[in-house]
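Chain by chain, the residues run as shown.
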Amino acid sequence: MSVQPAKSAPEPIVLQGRYVRLEPLQQRHAADLLAASVGEGVPERYRWLFEPAPTTLAEAESFIERMNAGADRFVAVVDQQSSRALGRQGWMRIFPEHGSIEIGGVYWGPQLARTPLATEALFLFARHAFDDLGYRRFEWKCNNRNEPSKAAALRFGFQFEGVFRQDRIVKGESRDTAWYSVIDSEWPAIRAEFERWLDPANFDADGVQKTKLRTR
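Novice: Help me out: how do you make sense of a nonpolar patch on the surface in this one?
Specialist: A grouping of Leu 154, Phe 160 and Val 163 is seen on the molecular surface, where their side chains present a nonpolar patch of about 230 Å² in accessible area. For Val 163, the position within the fold is in strand 7 (residues 159–170). Judged by its relative accessible area of 34%, Val 163 falls in the partly exposed class.

Structure representation (structure tokens):
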């Protein structure tokens, strides 16, 4: 049977969710991303990224300029209630001809990480890739020493595929890269579980989940 490529690379459009919206990354997001790059837990999150945390508005603006000049396509993760960008993530390794695409460059700030907003940010990317654009494969990769990222990949339903040894040099250190993926045949069941978990009925008055996300 013939295998079809994806329709196209992701276009710079807004993806609307219940808790967040994903907007093409622009300079107007710089001040919010700078604010999201300070606080408890920030150094540990930036430890695994290719770039250091911005410390000035100019550095945040420079990052956005560099990202928009490359082949990857980054978005700001914007809180629907406050309209503030609390993090960012990118489309990477974009291969429409093979139906394969990666979510990468993920930075979810302290107010975003480990919340329904972050889960929905991942879900909106996956749903757009599979349902709207027809991708066959959705990838997640991280430093093999980044245990929180590896745990998040499994929680989100990604399958572990192995480790590329000495894959990169990041901030002067050798990086072994752990690879994960979701493929199109797995997506319908995973999508249904995301939709169930993200439903407001799954959260109490204080916003605490009643049941866990169970994608496995």
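Novice: Help me understand the nonpolar core, please; the structure alone is not making it clear to me.
Specialist: When a protein is soluble and globular, its nonpolar side chains tend to lie buried together. Grouped together as the largest cluster of nonpolar side chains are 45 residues, with contacts concentrated most on Trp 108, Leu 122, Phe 138, Trp 140, Phe 156 and Phe 158. Considering each element in turn, this core owes the most residues, 10 residues, to helix 4 (residues 116–132). Those residues in contact with Leu 122 that lie beyond four places of it in its chain are Gln 89, Ile 103, Trp 108, Phe 138, Trp 140, Phe 156, Phe 158 and Phe 194. Counting 12 residues, the second largest nonpolar core, distinct from the first, contains Ile 64, Met 67, Phe 74 and Ala 76.

Novice: Help me understand the side chain of Lys 150 in this model?
Specialist: Tracing the backbone shows Lys 150 in helix 5 (residues 147–155). A residue is classified by how much of its surface remains accessible, and Lys 150, at 16% relative accessible area, is buried. Residues within four places of Lys 150 in sequence aside, it is in contact with Cys 142, Asn 143, Asn 144 and Tyr 180.

Novice: What should I look at first to understand the layout of surface pockets in this one?
Specialist: Approximately 1200 Å³ is the volume attributed to the largest pocket. Together, 48 residues line the largest pocket, and Val 106, Trp 108, Trp 140, Asn 146 and Ser 149 are the ones closest to its centre. At 7 residues, strand 5 (residues 100–108) tops the list of elements feeding residues into the lining of the largest pocket. The residue makeup of the lining of the largest pocket, split by class, is 24 nonpolar, 10 polar and 14 charged.

Novice: How do you make sense of empty space enclosed by the protein when you look at a structure like this?
Specialist: Any space left empty among the atoms is revealed by the rolling of a water-sized probe across them. Following the criterion strictly, the structure yields 1 cavity of 30 Å³ or more and no others. The space that makes up the largest cavity amounts to roughly 40 Å³. Lining the largest cavity are Leu 122, Ala 126, Phe 130, Phe 138, Phe 156, Phe 158, Val 182, Trp 187, Ile 190 and Phe 194. Put simply, the parts of the chain that give the lining of the largest cavity at least two residues each are helix 4 and helix 6 (187–198). In terms of residue class, the lining of the largest cavity is made up of 10 nonpolar, no polar and no charged.

Novice: Would you explain the pattern of salt bridges in this entry?
Specialist: It is possible for side chains bearing opposite charge to pair when their charged atoms get close. Per the stated rule, a full pass over the model turns up 14 salt bridges. We note a salt bridge from Glu 139 to Arg 93, for which the minimum N-O separation is 2.9 Å. Placement of Glu 139 in strand 6 (residues 137–143) and of Arg 93 in strand 4 (residues 85–95) is noted, with a sequence separation of 46 residues between them. The residue Asp 131 makes a salt bridge to Arg 191 at a minimum N-O spacing of 3.0 Å. With Asp 131 in helix 4 and Arg 191 in helix 6, this residue pair connects regions lying 60 residues apart in the sequence. With a relative accessible area of 34%, Asp 131 lands in the partly exposed category.

Parameters at a glance
- Residues numbered from 1 in each chain as written.
- Predicted model: local features only at pLDDT ≥ 70, side-chain atom pairs only at ≥ 80, totals over all residues.
- Heavy atoms only, no water.
- Patch = residues over 30% accessible without salt bridge, like charges linked within 9 Å, V, L, I, M, F, W, Y side chains within 5 Å.
- Areas by Shrake-Rupley, 256 points an atom, 1.4 Å probe, with all protein chains shown as cover.
- Salt bridge = Lys/Arg side-chain N within 4 Å of Asp/Glu carboxyl O.
- Helix = DSSP H or I, 4+ residues; strand = E, 2+ residues; numbered from the N terminus.
- Buried < 20%, exposed > 50% of the residue type's maximum accessible area, 1.4 Å probe, protein only.
- Core = buried A, V, L, I, M, F, W, Y, C linked by side-chain atoms within 4.5 Å.
- Contact = heavy atoms within 4.5 Å.
- 1 Å grid on protein atoms, 1.4 Å probe; cavity = no way out; pocket = protein on both sides within 12 Å on 5 of 7 lines; lining within 4 Å.
- Points joined across faces, edges and corners; volume = space filled by probe spheres on them.
- Nonpolar A, V, L, I, M, F, W, Y, C, P; charged D, E, K, R; others polar.

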